[in-house]
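Residues per chain, in single letters:
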Number of protein chains: 2
Amino acid sequence: MIQIGILGYGNLGKGTEIAVAQAPDMELAAVFTRRNPDSVKILTPNVPVVNVSDMENWKDKIDVLIICGGSATDLPVQTPQYAKLFNVIDSFDTHAKIPEHFANVDAAAKETNHIGMISVGWDPGLFSLNRVYANAILPDGKDYTFWGKGVSQGHSDAVRRIKGVKNAKQYTIPIEEALEAVRSGKNPELSTRDKHLRECFVVLEDGADAQQVEKEIKEMPNYFADYNTIVHFIDEEEFMQHHSGMAHGGFVFRSGRTGVNKEHQHIIEYSIKLDSNPEFTTSVLIAYARAVKRMHDEGQCGCKTVLDVPPAYLCTQSADELRAHFL
Amino acid sequence: MIQIGILGYGNLGKGTEIAVAQAPDMELAAVFTRRNPDSVKILTPNVPVVNVSDMENWKDKIDVLIICGGSATDLPVQTPQYAKLFNVIDSFDTHAKIPEHFANVDAAAKETNHIGMISVGWDPGLFSLNRVYANAILPDGKDYTFWGKGVSQGHSDAVRRIKGVKNAKQYTIPIEEALEAVRSGKNPELSTRDKHLRECFVVLEDGADAQQVEKEIKEMPNYFADYNTIVHFIDEEEFMQHHSGMAHGGFVFRSGRTGVNKEHQHIIEYSIKLDSNPEFTTSVLIAYARAVKRMHDEGQCGCKTVLDVPPAYLCTQSADELRAHFL
């Protein structure tokens, strides 16, 4: 049984715990937390919750540590730090900083011959895989990635920081006409505004100025100014009832040409529709944790990404079974 | 430059030639044929066409041989035979016989430390990858594969063998209601008849009995009896004008559940829409030929499939570039 450790018990930590329970070849060894362990109640019986200060004592008892922190401040520190003690895996998703994070984790993991796998999830992760496969197969073509319909945590937070806003949720919505234009092979040039719509559901503080809040949302640079944004004001009850889910999804397209005169067009489309973003993300993490163990057992070390992993390594089935039933 | 050889110059051979010409890191070294080489005119200038009897003389001049034969009788013989001389790659697509073909190619390739990669294309191939990734991530779920709309060579051949048929083309068409039921997460139980429709365009010999031909098609066991089949009789001119293309496509779905009480559903959908089935298939072969070269350079040997290949190995870009721009 692969011994799994979880660092951080938020949405991702809980999702990981659920995914481990479903995996026939894995066992949850411990949950590590920066909080007082007595204050953290987990779902799995008889598994210890341990303060991070004791992690060093666990270094021979964990095959893979799943680091469930945030990309902004947690992972840039935690992943290199714990790659010195454990094989680790994270879902670092700040695309622009991946090369820097890779270099840090690579150096740390190599010191102690561990594997540090980064940026595992769906984007980066499964969407990256699809971009890479499709580009390798259709080198002459165009890529399109759409996100949603789903909740953007970053945009929801940005709205909540506006004065007068009590609570808010922001949905990123791909624009159907843009999807159809790509799907039909028209290779459209799409601006930011053409691809996604932003829809906000906002609960105001008593006495707040709705018009002012709406204006501030719609004009917020980077987050909203380049998009068409719809703002709805709702009461707290409606918010709790209809906007507490964590659904998400998205689309990756490659439209490419082959032929002596490039006369043939091909469209590859990959899409996901998720009821629970954190549970799906952790399901990806768990499959890659299996690969981390195998790669480490083979003697590999250093920083890895989904692009380095043979697909068969993700599976509980033997290579024979996979060839017979999945190929 | 990776030196590529092509064995067999039919639709797949021609497609491979076109794909190699588009690859910046590859060069076509020779085309091998069972025919008289003088009778084979290829597109690429200054590349020799060589009879198969001379192939042994080329064993140090080819990095990867792309075997472009048929799965019924060519590949079971050719792939093991030439894996003793070259790194080889084929598109063997008789799913039920993959384990046997694997064993034969594995034994042959290991004799001389070559790599023999089999069953590369889109199904088996890209569809297999998607089944494996999606099953690893959503272990509790249901798979659906649909083919089309596209030409089935095997079914077209079967119709052409009927007495009175001069020419025929058969299209496999996924049934829209079934696709929608899967896409919406209903997890339907689908019979063969529920999933695909078969549509035939038939040119009759003079004096043939149309009613009799239609009856023979619709009642043909394995090929048509389990499907709803539509038969159109058309003249030769219409046939040539509208039914000489080689378009194809298909869909792979995984519908799975996560959550403490399996309360969350997730749908993964992968689809392709191809103007030219052989050119797309050979584009996949060429990307995997690049991986064969890399794996051989690392010292690997034996039979491999797409499930054994790290995605980064398919690309001309460096690992750094891939992480910076595709992850």
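This text follows the structure it describes.
All chains use their own residue numbering, which begins from 1 and follows the written sequence. Note on labels: chains are lettered from A, ligands numbered from 1, in written order. For this predicted model, a pLDDT threshold of at least 70 governs which residues receive local features, and a threshold of 80 or more governs which side-chain atom pairs are given and counted, while totals over whole chains, interfaces and linings are taken from all residues. Side-chain metrics in this entry use all non-hydrogen atoms of the structure; hydrogen atoms and water are not considered.

A closer look at the relation of the copies chain A and chain B
Point 1. Mapping chain A onto chain B calls for a rotation angle of 180° and an axial translation of 0.0 Å; the resulting RMSD is 0.0 Å. Both chain copies can therefore be described as sitting about a two-fold axis.
Point 2. Contact criterion: two residues are considered in contact whenever any of their non-hydrogen atoms come within 4.5 Å of each other. By residue overlap, the copies meet face to face through one surface: 100% of the interface positions of chain A are interface positions in chain B. Least-squares superposition aligns the copies on the C-alpha atoms of those residues with pLDDT at or above 70 in both.

Here's the deal with the nonpolar core
Point 1. Definition of nonpolar core: a set of buried residues of the types Ala, Val, Leu, Ile, Met, Phe, Trp, Tyr and Cys, connected through side-chain atoms within 4.5 Å. A simple rule labels every residue: compare its accessible area, found with a 1.4 Å probe on the protein chains alone, to the largest value its type can have, and call it buried under 20%, exposed over 50%, or partly exposed in between. By size, the foremost hydrophobic cluster in this structure holds 161 residues, and its most contacted members are Leu65(A), Phe280(A), Tyr288(A), Leu65(B), Phe280(B) and Tyr288(B).
Point 2. Among residues more than four places away in sequence, those in contact with Phe280(A) are Trp122(A), Leu126(A), Ile272(A), Leu274(A), Ile137(B), Leu138(B), His266(B) and Ile268(B).

Here's the deal with the packing of helix α2 (residues 74-83) of chain A against helix α3 (residues 98-111) of chain A
Residue and element names in this part refer to chain A.
Point 1. Interaxial angle, 0 to 180 degrees, is taken between N-to-C directions of lines fitted to C-alpha atoms, where a helix line uses only the stretch in contact. Here a strand is any run of E in DSSP of at least two residues, a helix any run of H or I of at least four, and the numbering for each starts at the N terminus. One can describe the packing of α2 onto α3 by two numbers: an axis separation of 7 Å at closest approach and a directional angle of 20°. The angle between α2 and α3 falls in the class roughly parallel. Crossing handedness for the pair α2 and α3: right-handed. Of the residues in α3, those touching α2 at Leu75, Pro76, Thr79, Pro80 and Ala83 are His101, Asn104, Val105, Ala108 and Ala109.
Point 2. For the contact of α2 with α3, the residue count by class is seven nonpolar, three polar and no charged. Here roughly perpendicular refers to angles of 65 to 115 degrees, roughly parallel to angles under 35, roughly antiparallel to angles over 145, and oblique to all remaining angles. A clockwise turn of the near helix away from the far one marks a right-handed crossing, whereas an anticlockwise turn of less than a right angle marks a left-handed crossing. Note that Gly is not counted as nonpolar here; it falls among the polar residues with everything else outside the nonpolar set of Ala, Val, Leu, Ile, Met, Phe, Trp, Tyr, Cys and Pro and the charged set of Asp, Glu, Lys and Arg.

Digging into the interface of chain A and chain B
The parts lose accessible area when they come together, and the size of an interface is often stated as this lost area.
Point 1. Contacts between the two partners involve 65 residues from chain A and, on the opposite side, 65 residues from chain B.
Point 2. Two parts placed together each lose some accessible area; with a 1.4 Å probe, that loss summed over both constitutes the buried area. For the chain A and chain B pair, buried surface summed over both sides reaches about 5,500 Å², with 64% attributable to carbon and sulfur atoms.
Point 3. The largest share of the area that chain A buries against chain B comes from Arg323(A), Phe326(A) and Leu327(A), three residues that together contribute 15% of it.
Point 4. Polar contact is the term for a pair of N or O atoms within 3.5 Å; when the atoms are in protein, one must be able to donate a hydrogen and the other to accept it, and sequence-neighboring residues count only if both atoms are side-chain atoms. On inspection of chain A and its partner chain B, the count reaches 27 residue pairs in polar contact (both at pLDDT 80 or more).
Point 5. Residue assignment for the side of chain A that touches chain B shows that the elements contributing at least two residues are α1 (11-22), α3, α4 (126-137), β12 (248-258), β13 (264-274), α10 (277-297) and α11 (319-325) of chain A.
Point 6. The element best represented in the side of chain A that touches chain B is β13(A), accounting for 11 residues.
Point 7. Of the residues belonging to the side of chain A that touches chain B, the class tally is 36 nonpolar, 16 polar and 13 charged.

A word on the environment of Asp54(A)
Residues and elements named next belong to chain A.
Point 1. Tracing the backbone shows Asp54 in the loop between β3 (49-51) and β4 (64-67).
Point 2. With a relative accessible area of 37%, Asp54 lands in the partly exposed category.
Point 3. In sequence terms Asp54 and Thr16 are 38 residues apart; their C-alpha atoms lie 21 Å from each other.

Digging into α1(A)
For an α-helix, 3.6 residues make a turn, and residues three or four places apart therefore share a direction.
All names here are of chain A.
Point 1. For a helix, the expected span equals 1.5 Å multiplied by the number of residues minus one. In this model α1 runs 17 Å from its N-terminal to its C-terminal C-alpha over 12 residues, within 8% of the 16 Å that 1.5 Å per residue would give.
Point 2. Restricting attention to buried positions, one finds in α1 the residues Leu12, Gly13, Gly15, Thr16, Glu17, Ile18, Ala19 and Val20.
Point 3. In this fold, the buried residues of α1 make contact with β1 (2-7), β2 (26-33), β4 and α10.

Points about the sheet that holds strand β6 (residues 115-117) of chain A
What holds strands together in a sheet is hydrogen bonding between their backbones, with the strands either parallel or antiparallel.
Residues and elements named next belong to chain A.
Point 1. Taken in spatial order, the seven strands line up as β3-β2-β1-β4-β5-β6-β14 in an open sheet, and their pairing is parallel. The two strands at the open ends of the sheet, each matched to only one other strand, are β3 and β14 (302-304).
Point 2. In this analysis, strands are considered paired if DSSP registers two or more bridges between them. Where β1 meets β2, six bridges bridge the pair, whose relative direction is parallel. Within the sheet, the bridge partner assigned to Ile2 lies in β2 and is Met26.
Point 3. In this fold α2 packs onto β1, β4 and β5 (88-89), with an angle of close to 175° to the strand it touches most, β4.
Point 4. The sheet strands contacting α3 are β6 and β14, and the helix crosses β14 at an angle near 135°.

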